[in-house]
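# An overview of the molecular structure
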Amino acid sequence: MNFLKIMIVFILTSITMLIMTACDQQSSNTRKMIEKDGKTITILQPPKQQENIAVSHIENIDDTLATQFFSETKVILNTPNNLGENSSESSLYIYDMKTKTKTLLKSEFKLQNYSLLSPDKKHLFLFMDDGERMVRYIMDIQTKKTISLGNSDMVNNVQWLDHSHVIFSTLNGDILKADVDGNVMKITSTKDAILSIGISNKKIYFEDINYHLFSVDGNSKPFLIKNHISSVIPSPDGSQLALVQRTNDTTEELILTDLKGRNPIKLASGIGILGTNWAPNGRKIAFNLFSEDNSKRGLYVVDTLTGEMNPILLNVQYPKYNIRIPVSWSESNKKIMITTFDQNKMITNIISLK
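Given the structure is predicted, the values throughout are model-derived calculations rather than measurements.

### A word on the overall build of the protein
Counting its secondary structure elements, the protein contains one helix and 29 strands. Residues classed as buried in the protein amount to 55% of the 354 residues present. Residue pairs in contact within the protein that sit at least 24 positions apart in sequence constitute 44% of those at least 6 positions apart. Accessible surface computed for the protein: about 16200 Å², of which carbon and sulfur atoms make up 46%.

Written out as structure tokens, the structure is:
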């Protein structure tokens, strides 16, 4: 099996492909939700001035898998070795967009298909194949030393809790915490496999394979927040949750709620919303969307205050599976990075906004 086929199998989940059919815009009035005396109060606010979103430049890097921005001018890329040959080995680089040069992080290993940079950019979580099994590691960016966190059977269910602790889960429903020295402890257990994890103010949010959204604080028992949720993405300031909610077997909605899943504000709807991620300033959310008739197919950005949605990259080719790796934003909120496919070739798209 060649590199691309193996890469697609592991970076994409087995969830049935959902295709976007419609998007609903929020009214020009915005709402702010605050907690007071144990109750949630919704405050109507004057409309915010719309921030125009337009593309100024797109840099395409062939045969690479985008993972994350390292800085405003550098990104972390995964590239296959021996292009054109049947090889499952790949290398991980820091790519400098100004000089067009690459700095090697990890080379000649089997199918590294997921990585997540710590908030202080000193460590990198890696999900790799050691030849017999999938293993989680933490890498020191400066020394390139890696520490194993044990075997793994899931991808994209990992979040950094702070600079030195990472949270991840297992198929049997355990949520674990590890430090950068490789010490691992169990936080809690659930009866079902976990699809993904979100972190907000040290509180953990997760949804299980039955689309139940839970929260857990410290070593407490998981608390059920909401049903029919396929993805949870807390806002950067920790005040809201962006949720992808399944309203029926064929429809999903992108909604904003308070931290208890209440007072939803609908931003978009259809039969699939994928790769959702907040801009660092919390003003915008980027996500991939599709329509069944292909009238909408590509990367879109929605303004969370005005509800205005703008197309960023259209006519995008995606594999016939759900894309679980989120869109990546730069710290300035002016660049977006995603991976697309063109005739079975992976392409990293670095999109600069005006």
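Further notes follow.
### As for the nonpolar core
It is characteristic of soluble globular proteins that their nonpolar side chains tend to be buried jointly. Core analysis: the biggest nonpolar cluster contains 16 residues, and Leu-254, Leu-256, Ile-285, Phe-287 and Val-302 have the highest contact counts within it. Counting only elements with at least two residues in this core, the list comes to β20 (241–248), β21 (251–257), β22 (265–270), β23 (273–278), β24 (284–290) and β25 (297–303). Apart from residues lying up to four places away in sequence, Leu-254 is in contact with Leu-243, Val-244, Ile-265, Lys-266, Leu-267, Ala-268, Ile-273, Thr-276, Ile-285, Phe-287 and Val-302.

### Observations regarding the sheet that holds strand β15 (residues 194–200)
Judged by pairing direction, the sheet is antiparallel, and its four strands sit side by side in the order β15-β16-β17-β18 without closing on themselves. Two strands in the sheet have a free side with no partner beyond their single neighbour: β15 and β18 (223–227). Neighbouring strand axes in the sheet, compared pairwise and without regard to direction, differ in orientation by 25° on average. Pairing geometry for strand β17 (residues 212–216) and β18, over four bridges, is antiparallel. Bridge pairing in β18 places His-212 opposite Asn-227.

### Side note on the packing of aromatic side chains
The way to describe two aromatic rings as a pair is by their centre distance and the angle between their planes. A full pass over the atoms with the stated rule returns one aromatic pair. A centroid spacing of 5.3 Å and a plane angle of 20° characterise the contact between Phe-206 and Phe-214, whose relative ring orientation is stacked. Each of the two residues, Phe-206 as well as Phe-214, counts as buried. Sitting over the ring of Tyr-93, Lys-102 keeps its end group 4.4 Å from the ring centre. Sitting over the ring of Tyr-211, Arg-246 keeps its end group 4.4 Å from the ring centre.

### Focus: the environment of Asp-174
Relative to the helices and strands, Asp-174 resides in strand β13 (residues 174–179). Put simply, Asp-174 and Ile-194 are 20 residues apart on the chain and 8.3 Å apart in space, counted from C-alpha to C-alpha. Apart from the residues within four sequence positions on either side, Asp-174 is in contact with Phe-168, Ser-169, Lys-186, Thr-188, Ser-189 and Ile-194.

### Quick word on the sheet that holds strand β19 (residues 229–234)
Taken in spatial order, the four strands make up an open sheet running β19-β20-β21-β22, and their pairing is antiparallel. Across the chains shown, the open sheet's two edge strands, defined by having one partner strand only, are β19 and β22. Averaged over all pairs of adjacent strands, the angle between strand axes in this sheet comes to 20°, irrespective of strand direction. Strand direction decides the pairing type here: β20 and β21, joined by seven bridges, are antiparallel. For Leu-241, the partnering residue across the bridge sits in β21 and is Thr-257.

### A look at the pattern of salt bridges
Evaluated as defined, the whole model comprises eight salt bridges. Put simply, Glu-253 and Lys-266 hold a salt bridge, and the shortest N to O gap is 3.7 Å. Taken together, the residues span a long stretch of sequence, with Glu-253 in strand β21 and Lys-266 in strand β22 at a distance of 13 residues. Lys-266 sits in the partly exposed class, given a relative accessible area of 34%. For Arg-283, the salt bridge goes to Asp-303, with nearest N and O atoms at 2.8 Å. Placement of the pair is Arg-283 in the loop between β23 and β24 and Asp-303 in strand β25, with a sequence separation of 20 residues.

### Considerations on the environment of Ile-141
Residue placement: Ile-141 occurs in the loop between β9 (134–140) and β10 (146–152). In this structure Ile-141 touches Phe-70, Leu-105, Leu-117, Lys-121, Lys-122, His-123 and Leu-124, once residues within four positions along its chain are discounted.

### Digging into unusual backbone geometry
You will see that Lys-100, though not glycine, has its phi angle at about 60°, which is positive. With respect to the element layout, Lys-100 can be found in the loop between β6 (89–96) and β7 (101–117). The backbone of His-228 sits at a positive phi, close to 65°, despite the residue not being glycine.

### Section: the confidence of the model for the protein
The predicted model of the protein has a mean per-residue pLDDT of 79, with 75% of residues at 70 or higher. Confidence, expressed as mean pLDDT per element, reaches its minimum in the protein at helix α1 (residues 3–11) with 39 and its maximum at strand β27 (residues 328–329) with 95. In this model residues 1–31 is a low-confidence stretch, pLDDT under 50, and it forms 112 contacts with partners more than four residues away in sequence or in other chains. Counted against residues more than four places away or in other chains, residues 41–49, with its pLDDT under 50, gives 25 contacts.

### Thoughts on the pairing of β24
Counting buried residues in β24 gives seven out of seven residues, a clear majority hidden from the surface. Side-chain alternation along β24 places Lys-284, Ala-286, Asn-288 and Phe-290 on one buried face and Ile-285, Phe-287 and Leu-289 on a second face that is also buried. With four bridges connecting them, β23 and β24 associate as antiparallel partners. Within β24, the residue paired with Asn-277 across the bridge is Ala-286.

### A look at the side chain of Thr-276
Within the fold, Thr-276 resides in strand β23. For Thr-276, a relative accessible area of 7% translates into the label buried. Beyond its immediate stretch of four places on either side in the chain, Thr-276 contacts Ile-233, Val-244, Leu-254, Ile-285, Ala-286, Phe-287 and Pro-326.

About the criteria used
- Residues numbered from 1 in each chain as written.
- Predicted model: local features only at pLDDT ≥ 70, side-chain atom pairs only at ≥ 80, totals over all residues.
- Heavy atoms only, no water.
- Helix = DSSP H or I, 4+ residues; strand = E, 2+ residues; numbered from the N terminus.
- Buried < 20%, exposed > 50% of the residue type's maximum accessible area, 1.4 Å probe, protein only.
- Contact = heavy atoms within 4.5 Å.
- Areas by Shrake-Rupley, 256 points an atom, 1.4 Å probe, with all protein chains shown as cover.
- Core = buried A, V, L, I, M, F, W, Y, C linked by side-chain atoms within 4.5 Å.
- Pairing = 2+ DSSP bridges.
- Axes fitted to C-alpha atoms, helices over the stretch in contact; angles between N-to-C directions.
- Phe/Tyr/Trp six-rings, centres within 6.5 Å; stacked < 30°, edge-to-face > 60°.
- Lys NZ or Arg CZ within 6 Å of the ring centre and 35° of its normal.
- Salt bridge = Lys/Arg side-chain N within 4 Å of Asp/Glu carboxyl O.
- pLDDT = per-residue confidence, 0-100.

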